[in-house]
Amino acid sequence: MNELLSTFTPISLSEMSGIKLMNRIDTKFVTTLERLEQLLVMAKNDYYVQEINGQRNLEYDTTYFDTDDYDMYAAHQHGHTNRQKIRFRTYCISGLQFMEIKTKNNHGRTKKKRIEVADMDLHDSAKRLFIDQHLHYGIDTLQPALNNHFSRITLVNKAKTERLTIDSALRFRNLQSNGQREMGNLVIIELKRDGLVFSPVLSMLKQLRILPYGFSKYCMGSAMTNDGLMVNRFKEKLRYVEKITQ
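Reading the values: the criteria
Residues numbered from 1 in each chain as written. Predicted model: local features only at pLDDT ≥ 70, side-chain atom pairs only at ≥ 80, totals over all residues. Heavy atoms only, no water. Helix = DSSP H or I, 4+ residues; strand = E, 2+ residues; numbered from the N terminus. pLDDT = per-residue confidence, 0-100. 1 Å grid on protein atoms, 1.4 Å probe; cavity = no way out; pocket = protein on both sides within 12 Å on 5 of 7 lines; lining within 4 Å. Points joined across faces, edges and corners; volume = space filled by probe spheres on them. Nonpolar A, V, L, I, M, F, W, Y, C, P; charged D, E, K, R; others polar. Buried < 20%, exposed > 50% of the residue type's maximum accessible area, 1.4 Å probe, protein only. Arc of directions from axis to C-beta. Phe/Tyr/Trp six-rings, centres within 6.5 Å; stacked < 30°, edge-to-face > 60°. Lys NZ or Arg CZ within 6 Å of the ring centre and 35° of its normal. Salt bridge = Lys/Arg side-chain N within 4 Å of Asp/Glu carboxyl O.

A closer look at unusual backbone geometry
Across residues other than glycine, the phi torsion is negative in most instances, and most of the peptide bonds are trans. In this model, Y70 sits at a positive phi of 60°, which is unusual for a non-glycine residue. Topologically, Y70 is positioned in the loop between β4 (58-67) and α3 (71-77). Phi at R209 takes a positive value of approximately 60°, unusual for a residue other than glycine. Among the secondary structure elements, R209 is positioned in the loop between α5 (201-207) and α6 (217-225).

Now the structure itself:
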């Protein structure tokens, strides 16, 4: 993987500062490491790769919170189009941590709000104010639900109108049931763009028969590590994931 990534022209964090895409349309794809290697060969002339401190495949650590009765998980499981997630994301290379609230509306657009934090204590004044302003759930109903660790490659198209994040080496640890799961060669690709601007990668994905496929790391990780949760709407996706990770 590192050898393939070395063929890309790098882009720094400062050069990416204008590509935040905090109000965007996200399209996800699910594939394998083998197909990812083919995609990277095809994409090297059309995309930059984010590089930080000489690294191009960076480790992320994320902890999701949910209500006591898993309202946020249930909203997704029942197919509600207006839904939210709250998480703490740590960039392992720098140690920076952010509390993030993602809101998806019924038009398919995702808005993300975040603040830098030092820990996951919800009850300090800054976090409480942020939650009160942006989350539709009361702070006292929230509990840590799932931890997710993965490696991420970030590509930026040469026109700088989109980001492509590529997550691999996923592993989940449920903070309520203590269940754990490593996802083997599963790869989650997410295309993030402001509206339906032209995307060079779409024709490459189509050529490799990698089709759009919704995949919530929080919901799927929870479904695989907590037997007490309903999984009706996720059964087909769970079977598919089992098939490609064998």
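Observations concerning the environment of L33
Mapped onto the elements, L33 comes out in helix α2 (residues 33-43). Separated by 153 residues in the primary sequence, L33 and L186 have C-alpha atoms spaced 6.7 Å apart.

So, the confidence of the model for the chain
Low-confidence regions, as indicated by low pLDDT, have predicted coordinates that should not be scrutinised in detail. When the pLDDT values of the chain are averaged, the result is 92; 97% of them are 70 or greater. Taken element by element, the predicted model of the chain shows its lowest mean pLDDT in strand β2 (residues 23-32) (84) and its highest in β4 (98).

Re the layout of surface pockets
The space that makes up the second largest pocket amounts to roughly 440 Å³. Breaking the lining of the second largest pocket down by element, the ones donating at least two residues are β2, α3, β5 (83-91), β6 (96-104), β11 (186-193) and α6. Residue contributions to the lining of the second largest pocket peak at five residues, all from β5. Looking at the lining of the second largest pocket residue by residue, the classes come out as five nonpolar, seven polar and 14 charged.

Comments concerning helix α7 (residues 235-244)
Taken as a whole, α7 has its buried residues at L238, V241 and I244. Projected down its long axis, α7 shows its buried positions confined to an angular sector of 135°, all on one face. Set apart from the buried face of α7 by more than 90 degrees, the exposed residues are E236, R239 and K243.

Considering the packing of aromatic side chains
Centre distance and the angle of the planes are the two values used to describe a pair of aromatic rings. Following the criterion strictly, the structure yields seven aromatic pairs and no others. Summarising the aromatic geometry, the rings of Y213 and Y240 are spaced 4.8 Å apart at their centres and angled 40° between planes, so their arrangement reads as tilted. Of this pair, Y213 sits in the loop between α5 and α6 while Y240 sits in helix α7; the two residues are 27 residues apart in sequence, bridging distant segments of the chain. With relative accessibility at 30%, the residue Y240 sits in the partly exposed group. Linked through ring pairs, Y60, Y91, F98 and F150 together constitute an aromatic cluster. The ring of Y48 has K158 lying over it, and the distance from NZ or CZ to the ring centre is 5.1 Å. Over the aromatic face of Y213 sits the side chain of K237, whose NZ or CZ is 5.8 Å from the ring centroid.

A few points about the pattern of salt bridges
Considering all chains together, one arrives at ten salt bridges under this definition. Among the salt bridges present, the one from D124 reaches K127, with a minimum N-O distance of 2.4 Å. Look at K127 and you get buried, because its relative accessible area is 3%. Linking D167 and K217 is a salt bridge whose minimum nitrogen-to-oxygen distance equals 3.0 Å. You can see D167 sitting in strand β9 (residues 162-174) and its partner K217 sitting in helix α6, a full 50 residues away along the chain. Taken individually, D167 and K217 each receive the classification buried, so the pair is uniform in this respect. By sharing partners, the salt bridges in this structure join R87, E100, K112 and R114 into a single network.

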